[in-house]
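Listed here are the chains, written in short residue letters.
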Amino acid sequence: MDLTRAGPQAVRALAGIGILLVLLALSTWPARPQQSDRTPGLATALEAASWVALRPGVSRLQLSVQSGIRLLAFRLDHGALEPRIIVADDRKGQRVADIVATTGAVLAINGGYFDAAADGTLTPTGLVISRGQHLHPLTSCRACSGVLVVSGGRIDIRWANAFVPSARVASALQVGPLLVEPGGRNGINRQTGPKAARSAVCVTPIADIIVAVASPLTLYELATLLRQPPPAGFGCDTAINLDGGPSTSLASTLSGPAVTFGASSKVQNFLAFFAP
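Residues numbered from 1 in each chain as written. Predicted model: local features only at pLDDT ≥ 70, side-chain atom pairs only at ≥ 80, totals over all residues. Heavy atoms only, no water.

Focus on the confidence of the model for the protein chain
What counts here: The predictor reports its confidence for every residue as pLDDT, a score running from 0 up to 100. Contacts are assigned to residue pairs with any non-hydrogen atoms lying within 4.5 Å of each other.
Taken residue by residue, the protein chain gives an average pLDDT of 88. The fraction at 70 or more is 87%. For residues 20-27, every residue scores under 50 in pLDDT, and the model assigns this stretch zero contacts once sequence neighbours within four places are set aside.

Describing the pattern of salt bridges
Rules: The working definition used for a salt bridge is a side-chain nitrogen of Lys or Arg within 4 Å of a carboxyl oxygen of Asp or Glu. Put simply, DSSP H or I for four residues or longer makes a helix, DSSP E for two residues or longer makes a strand, and each gets a number counted from the N terminus. Burial classes follow relative accessibility: with a 1.4 Å probe on protein chains only, a residue under 20% of its type's maximum area counts as buried, one over 50% as exposed, and anything between as partly exposed.
Under the criterion given, the structure shown has three salt bridges. With a closest N to O distance of 2.7 Å, E221 and R38 form a salt bridge. With a gap of 183 residues between them, E221 in helix α4 (residues 219-227) and R38 in the loop between α1 (8-28) and α2 (39-48) connect regions that are remote in the sequence. A relative accessible area of 4% places E221 in the buried class. A salt bridge links R84 to E82; the nearest nitrogen and oxygen atoms lie 3.2 Å apart. For E82, a relative accessible area of 33% corresponds to the partly exposed category.

Considering α2
Short version of the rule: Directions from the helix axis toward the C-beta atoms define the arc.
Along α2, the positions that sit buried rather than exposed are T39, L42, A43 and L46. Each buried residue of α2 lies within a common arc of 100° when the element is viewed along its axis, so the set occupies one face.

Description of the state of the cysteines
Defined as follows: Note on terminology: pairs of cysteine sulfur atoms within 2.5 Å are recorded as disulfides.
Following the criterion strictly, the structure yields two disulfides and no others. For the protein chain, the bonded cysteines connect in the pattern 1-2, 3-4 when numbered consecutively along the sequence.

So, in structure tokens, the structure goes:
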């Protein structure tokens with residue numbers, strides 16, 4: 001039909017038919033499936049799991065759920081191990097197992113975000129302080145809302161916008177988001193999101209440290225597990241998300257043969273722990 005010659009009634013009729021067809025198509029379009037809340041099942045599985053003592057002040061928990069979720073966590077009493085931020089010697093990064101093998105660390109986990117150049121060179125995205133040297137400044141990175149600080153053998157988790165570097169800070173790493181905000185508040189309220197490999201560090205109200213890797217979890221699921229009180233969770237007062245996805249990796253020699261999780265990718269920096 002030539003709409004330039006059609007009368008007003010014909011045009012309105014055609015418009016009405018078009019709207020009806022659109023509404024009909026929308027009504028038959030398959031609805032996006034709702035993401036189920038897996039946190040109750042994870043909490044139940046965690047309640048049934050047991051911490052295994054590896055040495056005084058250090059224990060390990062391993063969890064494997066039928067849905068395919070795996071979790072490996074270490075709990076460190078204050079002073080049991082010495083934490084440090086380690087930067088890869090190779091400009092193209094190192095694997096976490098290499099850090100354990102070459103530095104004498106007994107436990108290491110991947111650290112913060114980084115950018116990769118065309119030649120494979122890795123550059124940190126946010127603040128990096130290692131062994132008292134400021135290797136990269138604070139940035140306005142959207143995901144880097146927190147700073148993991150190592151000072152006096154302790155780990156502290158702070159907001160990046162309130163962090164002021166000082167000579168007392170031997171090591172610091174800007175990353176994020178905060179999964180558990182100070183005081184035990186859930187830092188991730190959106191239940192939807194991608195499921196991926198995750199790495200995290202938390203501090204409990206009694207200054208114990210939890211180092212955890214898991215896959216595949218959403219940020220909300222990980223934050224909920226870290227925040228909930230034991231035995232259904234880890235009881236973290238603050239917790240920070242580390243670089244995830246393919247960077248997620250952990251290696252430990254705390255119980256004889258090396259225990260690894262992920263560990264295939266090269267990354268730019270690490271959180272490592274040494275026997276005092």
